[in-house]
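Close look at the chain arrangement
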Amino acid sequence: MPSNQPLFASERRGSSMHSDEQAAQEDTALLASQRQDFEPVLNKSKIWRELGLFTWAVVATAAVIVLAVLSQHQASHENDKKAKPVGKRNLVFMVSDGMGPASLALTRGFRQYEEGLPHDDVLVLDQHFIGSSRTRSSNSLVTDSAAGATAFSCGLKSYNGAISILPDHTPCGTVLEAAKKAGYTTGLVVTTSITDATPACFASHANMRSEEDMIAQQEVGEHPLGRVVDLMLGGGRCHFLPNTTSGSCRQDERDITKLAQDKYGWNYIDNREDFDGLKLGSAAKLPLLGLFAYYNIPYELDRRNMNDKYPSLDEMARTALKALEAATQDSDKGFFLMIEGSRIDHAGHGNDPAAQVHEVLAYDKAFASVVQFIENSKTETVLVATSDHETGGLAIARQLKPPPSYPQYKWLPEVLSNTSSSAEHSARRLRAYVASGGENLPEFIREELIQKGLGIMDASSNELRLIIDTPELASVYFADMISRRAQIGWSTHGHSSVDVNIYGSSGSEALRGNHENTEVGKFLREYLDVDVAAITAELVEKSKTFTISGMAEKPWTGDIPTEEMLEAAVSVHERSNGIEP
């Protein structure tokens, strides 16, 4: 019969209790003897085994770190290659002058309210957010637009008031000048004067931003490198007209529009009808100079009621894109275009939230048009957008009553929605009414300017009295009336040092994260693969002999300023915000 004992079971025979005890004692003695004989060997073996495992763990960890670093380097290298494509390319650089992160939140909330959109609806800009930029200048933690734009154009820090000039007062080559030298077609589009700080920094050089007459001359071609711009659209006509004509703000009798046409071949237009004749760029002939306002194109809040007179930022941007694309169709080089939403800054200076949201929306619309252009273009095109600084110290909340009153957690977009006129435009209307000898001033202010223009029905007698007694400050009072009722706060009528956002299309990955503003300038020149340093060297060399007509007794970049002169230049700019269009 087969055994019931499991396979591999012990074959030891059964034994008595005593024999079992004896066997156990024998086993114990034997094992004890083996442990004594082999314990040192086993301990050494254990030590070497643990040491080996530790060494393996260290090597493996190091290998993982090396592989991670190599992978990151490879990804970075691939991003660099993507940012600098081989062959023909276009670059669009957009500047939202004075727009900080709070401006986006303000505008987003306003748009959601006015159009009945859901709380998660965002701007086109929001969809292309990639990073932020630090904005200080070489001589201040709070930059101005001139130093901010110099960081973009030259990729270098300079002092407040400098137009592509370094702290030692030598010129620095700009990405636009280098692009032109390399064969790119170039353009500038703005909603303020084309001689203002941001556009000036790409196509001219001045020790002080207030040298706008001289800047106009350089921009059209009276420049050490000759004409470096192919298209300019914006305002600032007064700096191009001789002081013998109406609408001029020049200090001399030179007609720069005539100089531009006769000597440098510009096609010049100055009105809406001629702009419409460009057919959004399809009928444009370069070089093209379009100056559609005395200085500033009106705020979008006001311009939309003067559409028959002034083109919008979006219209000018689309016109420039189409004209530059057509001009480079048969070229192995593309174009460089700078587009500025200039008057976001002015609304911040004026602390006017109603004007600001409409300026940001106009900029967002132009940004969307550039994105659409890129999607349809057959040429590799990259879009980068940022601000030179924030203006106004905007806070989207305001405590109207001091402690111990507790603040309300809200702001009121409906106040902005009821506003149909900027504070600036209302103040301009007031000045015109007073100058014409209009009667019953209090009634005109209350009914026409405050109720119809600002949408405010509860103006107090004290508010009305302030405007009547000090009409020169009417714009400030009008803006404050709107801000208080909307519960929006401001910390300054100047700039702040808050970091500003960076936006970009595919190809701008190198600007992800937080960057110094000069790194934006570095990206621009590296993407276009142009030699800005060589332009700087050429400018420095030509500065030894080059002069501008009417300036033979001083450098072509203007007088070297004192601190007082620089401060005066900034104050002149502040006052220009309220200049008639």
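Preceding this section is the structure that the text describes.
In this report, we go over the structure that sits alongside the text. Residue numbers restart at each chain and count upward from 1, following the sequence in its written direction. Note on the predicted model: pLDDT of at least 70 is required for a residue's local features to be given, and 80 or more for side-chain atom pairs to be given and counted; whole-chain, interface and lining totals, by contrast, use all residues. Neither water nor hydrogens contribute to the side-chain values; these are computed over all heavy atoms in the structure.

With respect to helix α14 (residues 423-435)
Each helix is a run of DSSP H or I of at least 4 residues and each strand a run of E of at least 2, with the numbering of both proceeding from the N terminus. Multiplying 1.5 Å by the helix residue count minus one yields the expected span of that helix. In this model, α14 (13 residues) spans 18 Å end to end at C-alpha, consistent with the 18 Å of a helix rising 1.5 Å per residue. Note on contacts: a residue pair is in contact if any heavy atoms of the two residues lie within 4.5 Å. The inward-facing, buried residues of α14 contact α11 (343-349), α15 (441-453), α16 (461-469) and α17 (474-486). Following α14 by one or two positions, Gly437 has its phi on the positive side, about 75°.

Thoughts on the pattern of salt bridges
Close approach of charged atoms allows side chains of opposite charge to pair. For this document, the term salt bridge refers to a Lys or Arg side-chain nitrogen within 4 Å of an Asp or Glu carboxyl oxygen. Taken as a whole and judged by the stated rule, the model has 30 salt bridges. Among the salt bridges present, the one from Arg108 reaches Asp126, with a minimum N-O distance of 2.9 Å. Placement of the pair is Arg108 in helix α2 (residues 101-115) and Asp126 in the loop between α2 and β2 (129-134), with a sequence separation of 18 residues. What emerges from the salt-bridge pattern is a single network uniting Arg111, Glu115 and Asp121.

Looking at the state of the cysteines
By convention in this document, the label disulfide applies to cysteine sulfur atom pairs within 2.5 Å. Summed over the entire model, instances satisfying the criterion amount to two disulfides. There is a disulfide in this structure between Cys154 and Cys172, and the S-S distance comes to 2.2 Å. Across the S-S bond linking Cys154 and Cys172, the dihedral sits near 80°, which makes this disulfide right-handed. Of this pair, Cys154 sits in the loop between α3 (145-153) and α4 (175-182) while Cys172 sits in the loop between α3 and α4, and the two are 18 residues apart along the sequence. Each member of the pair Cys154 and Cys172 is classed as buried. Going through the chain in sequence order and numbering each bonded cysteine, the pairs you get are 1-2, 3-4. Working definition: with a 1.4 Å probe on protein chains only, accessible area under 20% of the residue-type maximum means buried, over 50% means exposed, and in between means partly exposed.

Focus: unusual backbone geometry
For the bond running from Leu286 to Pro287, omega is 0°, close enough to zero to count as cis. Looking at the element boundaries, Pro287 is found in the loop between α8 (272-276) and β6 (288-291).

Side note on the packing of α14 against α17
With their axes 8 Å apart at the nearest point, α14 and α17 run at an angle of 135° to one another. In terms of orientation, α14 and α17 fall into the oblique class. For the pair α14 and α17, the crossing hand works out as right-handed. Here α14 contributes Ala423, Glu424, Ser426, Ala427 and Leu430 to the contact with α17, which in turn contributes Ala474, Ser475, Phe478 and Ala479. Think of each axis as a best-fit line through the C-alpha atoms, taken over the contacting stretch in the case of a helix, with angles from 0 to 180 degrees between the N-to-C directions. The cut-offs work like this: below 35 degrees is roughly parallel, past 145 is roughly antiparallel, 65 to 115 is roughly perpendicular, and the gaps in between are oblique. The hand of a helix crossing depends on one turn: near helix anticlockwise from the far one by less than a right angle means left-handed, and clockwise means right-handed.

Describing the nonpolar core
Judged by nonpolar contacts, the single largest core of 56 residues is most densely connected at Phe93, Leu188, Phe202, Val220, Leu289, Phe336 and Leu528. Those residues in contact with Phe93, other than ones at most four positions away along the chain, are Phe152, Phe202, Phe336, Leu337, Met338, Ile339, Val384, Thr386, Val520 and Leu524. Phe275, Phe292, Leu321 and Leu383 belong to the second-largest nonpolar core, a separate cluster that totals 40 residues. Residues belong to a common nonpolar core when they are buried Ala, Val, Leu, Ile, Met, Phe, Trp, Tyr or Cys residues joined through side-chain atoms within 4.5 Å.

Comments concerning the sheet that holds strand β1 (residues 89-95)
Should DSSP find at least two bridges between two strands, the strands are regarded as paired. Spatially, ten strands are ordered β5-β6-β4-β3-β7-β1-β8-β11-β2-β12 in an open sheet, and the strand pairing comes out mixed. Single-partner strands in this sheet number two, and they are β5 (267-269) and β12 (513-516). In this sheet, adjacent strand axes meet at a mean angle of 15° when their direction is disregarded. Here helix α12 (residues 353-376) sits on the sheet and contacts β1, β7 (335-340), β8 (380-386) and β11 (500-504); the angle it forms with β8, its principal contact strand, is near 160°.

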